[in-house]
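Close look at the chain arrangement
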Amino acid sequence: MNGMPSPQGLYDPANEHDNCGVGFLANIDGVQSHRIVSDSIEVLKNLLHRGAVGGDLSTGDGAGVLLQISDKFFRKEAARLKFNLPAVGFYGVGMLFVPQSNVRAACLSTIQKVIQEESLEFIGWREVPTDGGILGEQARAAQPHVMQVFVGGGKWSGPALDRKLYVVRKQCQRRVAEVIGPDERFYVPSFSSRTIVYKGLLMGGQVSGFYKDLNDPDMESAVAVIHQRYSTNTFPSWELSQPFRFLAHNGEINTLRGNINQMQSRENGLASPLFGDDIRKLIPIIDPGGSDSACLDNALELLVAGGRSIPHSMMMLIPEAWGAKYPMGPDQKGFFEYHAGLMEPWDGPATVAFTDGSVVGTLLDRNGLRPARYTITKDNFIVMASEAGVLNIPAERVLEKGALRPGQMMLVDLALKRVIKDKELKSQMSRRQPYRRWVEENKVSVQGLFEAMAPIIPESETLLQRQRLFGYTREDVQILLEPMAAKAHEAVGSMGTDTPLAVFSEKPQLLFSYFKQLFAQITNPPIDPIREELVMSLMTFIGNPSNILLETPQFARLLKLRHPFLSNEDLEQIRGLEIKDFSASTLPIGFPAGGSGEDLDAALERLCALAGERVSAGKTLLILSDRDLAEGLTPIPVLMAVAAVNRHLVRSGCRTGVGLIAETGEAREVMHMALLLGYGATAINPYLAFETIADLAGKKELSVDIGSARAMENYVAALCEGLRKVMSKMGISTLRSYRSAQVFEAVGIDQAVVDRFFSGTASRVGGIGLSEMAAEANARYREAFLNPGADLTFLPAGGQYRLRRDGERHLWAPEAIANLQQAARSGNYALYKEYARLINDQAEKQFTLRGMFKFKPLVPISLDEVEPVSGIVKRFVTGAMSFGSISREAHESMAIAMNRLGGMSNSGEGGEDPARYKPLPNGDSRCSAVKQVASGRFGVTTEFCVNCRELQIKIAQGAKPGEGGQLPGHKVNEEIAKVRHSTPGVTLISPPPHHDIYSIEDIKQLIYDLKNVNPEARVSVKLVSELGVGTIAAGVVKAHADMVLISGYDGGTGASPLSSIKHAGAPWELGLAETQQTLVLNNLRGQVRLQTDGQIKTGRDVVVAALLGAEEYGFATTALVVLGCVMMRKCHNNTCPVGVATQDPRLRKLFTGSPDHLVNFFTFIASEVREIMAQLGFRTIDDMIGRSDCLEMNPAITFWKAKGLDFSNILYRPPCDSPVRCVGKQDHELASALDLKLIPKVKAAIETGKPVSLEHPIRNVNRTVGTMIAGLVAKKYGHAGLPEDTITLNFKGSAGQSFGAWCTKGMTLVLEGESNDFLGKGLSGGKIIVKPFPGATYEAESNIIAGNVLLYGATCGEVYLNGGVGERFAIRNSGAIAVVEGVGDHGCEYMTGGRVVVLGHTGVNFGAGMSGGLAYIYDEHRIFDARCNLDMVDLELVVSKADKAELRGLLEKHVRYTGSRKARHILENWEDQLPYFIKVFPMEYRRVIGQMMKEDEATERAEVIHG
Amino acid sequence: MGKVTGFMEFERHDPGYRPIDERIKDFNAVELKPLEVAVREQAARCMDCGTPFCHCSGCPIENVIPEFNDHVYQGRWKEALDILLSKDNFPEFTGRICPAPCEGACVLGINKDPVTIRQVELSIIEKGFESGYMKPKPPAIRRNERVAVLGSGPAGLAIADTLNHAGFGVVVYDAEEKPGGILRYGIPEFKLGKWVVDRRIQLMEAEGVVFENRVRVGDDISYHYLQHRFDAICLAGGAREARDIKAPGRELKGIHFAMDFLVQQNKRLGGELVAPETEILAAGKDVLVIGGGDTGSDCVGTSVRQGAKSVTQIEILPQPPPSRATSTPWPMWPMKLRVSSSHQEGCVRRWSLASKEFIGHEGAVQSVRVIEVDWVTPPAGGRPNMVEKVGSESVIKADLILLAMGFSGPERNKIVDGLSIKKEPNGVIWRDKQNMTNIPGIFVAGDMTQGASLVVRAMRDGRQAAAGISAYLDARRT
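Quick caveat, the model's predicted, so the values are computed rather than measured.

Some remarks on the pattern of salt bridges
All names here are of chain A. Inspection of the entire model under this criterion finds 145 salt bridges over all chains. Among the salt bridges present, the one from lysine 76 reaches aspartate 216, with a minimum N-O distance of 2.6 Å. Residue lysine 76 is found in helix 2 (residues 71–81), and its partner aspartate 216 is found in the loop between helix 6 (207–210) and strand 8 (223–231); the two are separated by 140 residues along the sequence. What makes lysine 76 partly exposed here is its relative accessible area of 33%. With a closest N to O distance of 3.4 Å, glutamate 892 and arginine 888 form a salt bridge. Remark: arginine 888 and glutamate 892 occur in helix 27 (residues 888–901); sequence separation between them is 4 residues, near one turn of the helix. For arginine 888, a relative accessible area of 32% gives the class partly exposed. Each of Arg888, Glu892, Glu912, Arg916, Arg926, Lys931 and Glu975 takes part in salt bridges that share partners, so that together they form one network.

Comments concerning the nonpolar core
Core analysis: the largest hydrophobic core is formed by 314 residues, its most contacted members being Phe515(A), Phe876(A) and Ile1210(A). It is helix 37 (residues 1155–1176) of chain A that contributes the most residues to this core, 11 residues altogether.

Section: the interface of chain A and chain B
At the interface, 32 residues of chain A touch 35 residues of chain B. Contact between chain A and chain B buries roughly 2,800 Å² in total, counting both sides, with carbon and sulfur atoms accounting for 61%. When residues of chain A are sorted by the area they lose upon contact with chain B, Arg804(A), Arg805(A) and Met1128(A) head the list and together hold 18% of the total. Joining chain A to chain B, the criterion identifies 5 salt bridges. In this structure, Glu67(B) engages Arg804(A) in a salt bridge whose closest nitrogen and oxygen atoms are separated by 2.7 Å.

Things to note about empty space enclosed by the protein
All names here are of chain A. In this structure, the largest cavity spans a volume of roughly 300 Å³. Together, 24 residues line the largest cavity, and Gln262, Asn544, Arg655, Thr656 and Arg739 are the ones closest to its centre. Secondary-structure elements contributing two or more residues to the lining of the largest cavity are helix 7 (256–266), helix 10 (330–342), strand 19 (540–542) and helix 17 (638–651). If one sorts the elements of the lining of the largest cavity by residue count, helix 7 sits on top with 4 residues. For the lining of the largest cavity, the per-class residue count stands at 7 nonpolar, 12 polar and 5 charged.

Calculation rules
- Residues numbered from 1 in each chain as written.
- Chains lettered and ligands numbered in written order.
- Predicted model: local features only at pLDDT ≥ 70, side-chain atom pairs only at ≥ 80, totals over all residues.
- Heavy atoms only, no water.
- Salt bridge = Lys/Arg side-chain N within 4 Å of Asp/Glu carboxyl O.
- Helix = DSSP H or I, 4+ residues; strand = E, 2+ residues; numbered from the N terminus.
- Buried < 20%, exposed > 50% of the residue type's maximum accessible area, 1.4 Å probe, protein only.
- Core = buried A, V, L, I, M, F, W, Y, C linked by side-chain atoms within 4.5 Å.
- Contact = heavy atoms within 4.5 Å.
- Buried area = accessible area lost by both parts, 1.4 Å probe.
- 1 Å grid on protein atoms, 1.4 Å probe; cavity = no way out; pocket = protein on both sides within 12 Å on 5 of 7 lines; lining within 4 Å.
- Points joined across faces, edges and corners; volume = space filled by probe spheres on them.
- Nonpolar A, V, L, I, M, F, W, Y, C, P; charged D, E, K, R; others polar.

Set out below in structure tokens:
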């Protein structure tokens, strides 16, 4: 039944993701009706666009509905089948997917046996009538046989019966699997006395077609939970469709691995009187092979069965943020703190709809990263869904329209017949028990913990020796630690990385270097750890209980750590603890110096055994220490020690209560800390880093004059900041759930070692084993103790971040740079070949995975049979580098060169000067063929979007995937500000995520938006290589991307934190091969082109990329080197001495590059490609794509560490007939766009400027309305657009997402009704007015009229909204004007310009990262200052004449356009109401504006004097 | 690191030389010593390149230039010295006489004047001596193995110094009166004061290196003697076989090899005896130096100081362009017209002249007949060929002619000959990757393996040989 292929090549089903549309409907009075069932099917149909279809274009990714048991219906069916049902509540129905084959009988008899064994009564079977004829081909092939089983409860009913049925189900799963064998699948969608689930591999509309039951008028329910799935794969899996047994989840659990690990470690301790001995039958709690949502459902099921209410359980699993900065009462904080000790958050974006049949509710994650819109009617009906307008409800019936805020929950209690909102619900829960007091009274307090650090005096005699023992280099000290100690921030670098992978390095590498960080791409967003810090927490506990089924004050007996970094004093305090249940034991981690892999292995075994013994003896704090090891011991790599002990304790079921502390000289940088925590450490004492910093401070070698204590505190602050960044990259908010979440991939470690110590971590090319690890550790030992001859006055160079001859090797060595530049300048192909030889020949010294490849020629052909250079160069593109990061001269040289060649250059993310859209007199064009749409949306106007051949959505970049960026104000000069539509001198912040892409269905929407604004351009999506990128890419292809770019981790020209440059992401060879394999397996490859980049330097690299599956090839660093870059790696200083990466006019003058050089270079590359093609026997590039069978591992390479590598996964070719390169086109579904109907009617207006006004109904399925028209206007008139109100479009209804996106000047969109997310995205001068449905009786200002993330990246225009809106209103607005009557959390985030007036409620964190523009807030209740993020803004009263006039003018317009009652009231009582307004004034903006005003005044004065 | 905008704020400033009329009266150092503050400002110009071409493309011994520049800028002279000494055994030599290929490769040199790297280096080491940092540092642990180094020029000294610090017992043999080789005898005092060489030799002796001078291996001691007393032997005899000219009249008196002339002057200043009958003196003479290189330039400066009537220097190659020739793009050592301190002191320089005949009177040379030449690149590319210009002959008056046309290879050596040590076709000694000759235990380093070259290259090769010897002896141990 589960049609998911087994892992093969680089594809692993473990990496699959899903997202979706979700919702519930309920009759609040609990009255069952068929109407709820039929309405739920209607909602599913209207959410269809949030799902996806597979490669056969008719198989949905899954849909379903969870209903109450319809006694009426089943009793009728029982009568027909001639068996008797007990009274309602006293029988249960099991919904079963059983095999189609002849093992079915055995399966059914096993079930029957289990039911009887568990003392329940087997009543009978029912064949569920289904219509397989409507299924898609793939769905039908995997179609299970659907049956229901009826079970009598005997003495049990309701929740007690359900608990019993839970045990039955778990037993059945295990027992049936044994009977039917591994090739057949058995699955239980639901087994309950209260609820039943109808679901399958369906599209929303097919659910009632497939299940005939749902059309029966007797099928009644008071509740329906619905789900429409969008999966990244196209593999038919019936059981992964939702709802599950208790919930439907739209989102992604980022911490899944950690949650599963922690759940596993609790299993031994679980006990409950409700279960008695039955509890053992439930293990494993988490069913293997489930999706993240399924695992969450498993956890919820346990908690609910254990006796907690479903809202209580949900608050444990997905708690809202409750940190110091979050406004929340002490009782509620007490509730969350108490439960934090029991359960770590299941962290990630989520809308969850949940029900047990008696209550139904919904909840939103702490970041509010999913929409949840609801409508309550006057006749006690409620519908909640991912979108508004999913059911057609007349306005007169509506009592209330609302949206859930981040972290909020809402519950419908069918017994109480009422809706319980968040505040009431949480207040109830918080006071169920005196949690606050439990926490206060029981917490373990340790005197002096986390107090100010004391200065330390380094042991200078041995410092150098100990630093050598742990492989310290001068770079570690000067480049990594110094900035952290001096400035409390991580160091920044530029130009990617070109050193060998750890497995190819001849320098002894720390084990840490063999891991790469994973990061969020598309299926969930990274978090901004600076601007949205309030949702994050590094707090952690020691002493957690494992039996989460009980609730006692004793469970609050915890040692709380503010963050995981212990000073030396903290550690000593802990080491000396003498409190009951809290005593420490120190375990030295060493193995005999010079020892082999076996010796290391034995030492680890001993360590684990010892740890187990100590825990059995009652020790709860294990300190793994490499400090002052006995003579003759080499330290075990601390990561290995921590992972091994953690794993041992998890397996033996005693991990939860134990604190695992690493006292280590090895860990020093953020990546090291992240790894230790990610593999199980509770806390870390990096004593040698502390000592090194104290030494620097003592010798006055810090750039600021501070003492050692302050420097160490800075270092810890930098570690915390860095750790938050690493977590946020993955979209994880709390350290408690990051711990042991293992969000890393290993590159260059043997699979067997990974399985033993890091199991669950991917390692796809094999690599070193224990003996190599021992050898590297021993090499450091020798360096430290056995090398008397060497001059030990200082540390080795390092050479990772700057080239040193005695340090790490770099591909960009001086010889290569000099040869390349000379070759390109002089047109000398022989010199180019010399350069290419330096890069390509890695037979002796390896750098890259591709360096290990060797070609396997077919039959060589002559060179003139190979396709010409002119064709090949068209596949070349230059990388996305913004004008702003590099100079105009460099930027335009690339555009001109690529336009000459017919390749493509990329605007980068900073917009583009419209002057460049006109060709130069000599015929050259400076217009970038690719226009990039990044998270900052700077300069992404309609005009920008229509002037290109490709629109590229940048999800991540190689140098810092998962992170945002910042262009400091002093770099934003006049010219840059102009193209970015911002104010010179004002800092510009790019958020980590695209705020309109929180999920896979969101990117489908953005692709649709971009396709609307410019239907001729192809839309591409840029991803960074990491584990699972192939699966993401498959999802992106299903979202209709025309091209997917897989970037290597090592590329990237911009400034980034050094730890990100080095440690985040994977080489492109892995990502590209995984993508190719996954797309081919999914039969999606034929619809999309693939591109790759990341340190591609030669024709050989291009050929490798083609053989692994890429059709197009990107060059960024190499192109810059051709233009003169000498790899200074100082781009972030704006001091590029060759005028490439600088805006300083004095330095820009020194630029000597030219398009000619690039043309020469790309011609050379293509020539080299042709030579290799001839040698291999390929006539065209197309023939070569995906032919990984022409590659093999170079057998001549004998490097000692490389011998464990195995590339068969990279070179794997899936055995299927589907296309291996792009042979077709995507269907963008533009044909159904509403704009196509409107265009004929506005055509004349666009051509002549004669005003036109239209009316049209609108529904939520009408998405991106107005945008196609906007594109036409911008094409003709540019950014200037048309005169105001030339095109007026009046709509009635619920508008779909992205209403009015990119509307231009001259367009006015009036909507009577409501709108969904992304209204006014990229607004470029248009006017949008939204007012309630005519006839609505609810108060407009207290209802929600539009969704989340409105006006994202707007550059100008006006918006008037007569009602409240969701989260992140006017985010990254840089010029639009908006009036709104209430906003959710994070309003005006990252705003750089424009005006916003809010006439009502504001959520928390208003104005975070707001560097420009103004907001006026009507603060009736005087609480705004508590909700505003004051880091960058000042709050003032509205006093100046100009401000008053502006505000009044805006309100008058608002009344005129929308008839707002509230605005009218304020205007009528202007003098009384004005004092309630607060002006939000960004500080930097004020400074710049002040300066400009001064300059204006000075000019005026000068004019007066001289005039 | 460093001053981020230093290179935009400060211009290059060289300390310059003593006034000409003062300096030509003595043989003391011509270069002025800069103020400390000026050196720090110059060091601030260093951009701390991510890819420091100076360090990894320019400098043969891979001096970690950006790091010592930064330390100097920050005023951390001790740290600067440590970094400098980690790569450069004798910065006081290279800081004075190295032509500084690092500066040719300096990234700042792409469009501005490069950093004064050599000068910074010299300041660091002299500061080190002044402040007493340069104390003898004998190795903490002595090893039993002993190594004989034959030759005490820059290569020999570098081997000795490196091996000594690694704990080996080292004896340096040299045929001359005092150790130092070309450093002492070849390079004029006004460029490298012999007190600088003495200071270093004393330091090395204090650290345990033994110098045995006036020992001619093969005459005074035998190979067998060495073989019995040492675990490894390293040849470092240089490549001082001067290149001669074949022209009528070559046998005339007054025609000498440049090195003979320079060595005499250095011995004279060093208090060594020069037999009167062999004396070569420029006083009162019209001197012609044939050869436009550094040795030639040294002859010019020495002749001027000896009181020559006139000095002319001719070169067979054409006059280089005033700035970097296109044939030597950055980061290569730029081919360009260089004016040494000696040239400034008064001499006529002429280019594209080939010497055809020495004309004498009564057996003594009086003039040289020269002809102008063109350098013509063949149509197919490749090296240009020399073509004499018909009718362009002229005569240059000269009664002292110094031949400074380079060196052809190592001089005859009894060990090499006696053991039939393998040579390359061009006469230099063959060696493996560890600098070992075909005879196990006998190593070779410096100009003997590469032909005459820069002092800094000889040192680089010496360090490499020392590493080879270490590895060889380590391997023998186990």
